[in-house]
Amino acid sequence: MRIRTPRHPVLWVLASAAVCALAAARRLRTVEVTGDSMLPGLRPGDWLIVHTGARPAPGAVVVAEHPERRDLLIVKRVTHRSGDGWWLESDNQRARGRRDSWDFGPVPETLIKGCVLLRYWPFPPVSPSKSR
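Cut-offs and rules
- Numbering of residues starts from 1 in each chain and follows the order in which that chain's sequence is written.
- With pLDDT at 70 or above as the cut-off, local features in this predicted model cover only qualifying residues; side-chain atom pairs require 80 or more to be listed or tallied, and sums for whole chains, interfaces and linings still use all residues.
- To get the side-chain values, all heavy atoms of the structure are used, and hydrogens and water are removed first.
- Each pair of strands is called paired provided DSSP finds at least two bridges between the two strands.
- Helical segments are the DSSP runs of H or I of at least four residues, strand segments are the runs of E of at least two, and each set is numbered from the N terminus.
- Interaxial angle, 0 to 180 degrees, is taken between N-to-C directions of lines fitted to C-alpha atoms, where a helix line uses only the stretch in contact.
- Each pair of aromatic rings taken from Phe, Tyr and Trp, with Trp reduced to its six-membered ring, is defined by centres within 6.5 Å and is described as stacked if the planes are under 30 degrees apart, edge-to-face if over 60, and tilted in the remaining cases.
- We call a residue buried when its accessible area falls under 20% of the maximum for its residue type, exposed when it is over 50%, and partly exposed in between, using a 1.4 Å probe and counting protein chains only.
- Note on definitions: a residue-residue contact is assigned when non-hydrogen atoms from the two residues lie within 4.5 Å.

Details of the sheet that holds strand 6 (residues 112–121)
Hydrogen bonding along the main chain pairs the strands of a sheet, whether they run parallel or antiparallel. The 6 strands lie next to each other as 1-2-6-3-4-5, forming an open sheet whose pairing is antiparallel. With partners counted over all chains shown, the strands left at the sheet margins are strand 1 (28–32) and strand 5 (85–89), one partner each. For this sheet the average axis-to-axis angle between neighbouring strands, irrespective of direction, equals 50 degrees. Relative to strand 4 (residues 73–82), strand 3 (residues 61–65) is paired through 5 bridges, and the arrangement is antiparallel.

Description of the packing of aromatic side chains
Enumeration according to the criterion identifies 1 aromatic pair in this entry. Between W87 and W102, the aromatic rings sit 5.4 Å apart at their centres with planes inclined by 90 degrees, giving edge-to-face as the arrangement. Here W87, found in strand 5, pairs with W102, found in helix 2 (residues 101–104); they are 15 residues apart in sequence, far enough to count as distant. A relative accessible area of 15% places W87 in the buried class.

Some remarks on the environment of V116
Tracing the chain through its elements places V116 in strand 6. When sequence neighbours within four positions are dropped, the list of residues in contact with V116 reads L48, I49, V50, V61, V62 and V63.

In structure tokens:
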């Protein structure tokens with residue numbers, strides 16, 4: 001038996017990564033935050049990566065269709081599950097125009113599009129290191 005190494009291992013790694021990224025892309029989506037309802041954690045202009053089809057859990061930030069305006073996506077925090085669906089709340093209850101489950105009630109699971117994995121833009125500010 002002979003063990004052979006690939007001629008171009010870097011190319012194999014890149015090709016494997018590309019295949020994995022393409023597979024994941026079917027389940028990942030990007031959304032932009034608008035409005036102040038999720039301050040201070042999420043700000044208008046933040047871009048998020050959302051894992052579509054992921055099951056929500058209390059404490060998770062999710063993207064859902066607005067129950068009263070299906071053409072509108074909302075970003076909210078899951079607080080709990082009731083018999084009729086998920087209770088979604090804004091982090092900033094004082095935001096102007098804020099609408100969440102306090103206004104429209106629990107959101108059916110079918111309207112939950114996915115869970116937020118991370119904020120990728122803008123990059124967090126880098127603080128200068130202190131010299132000693």
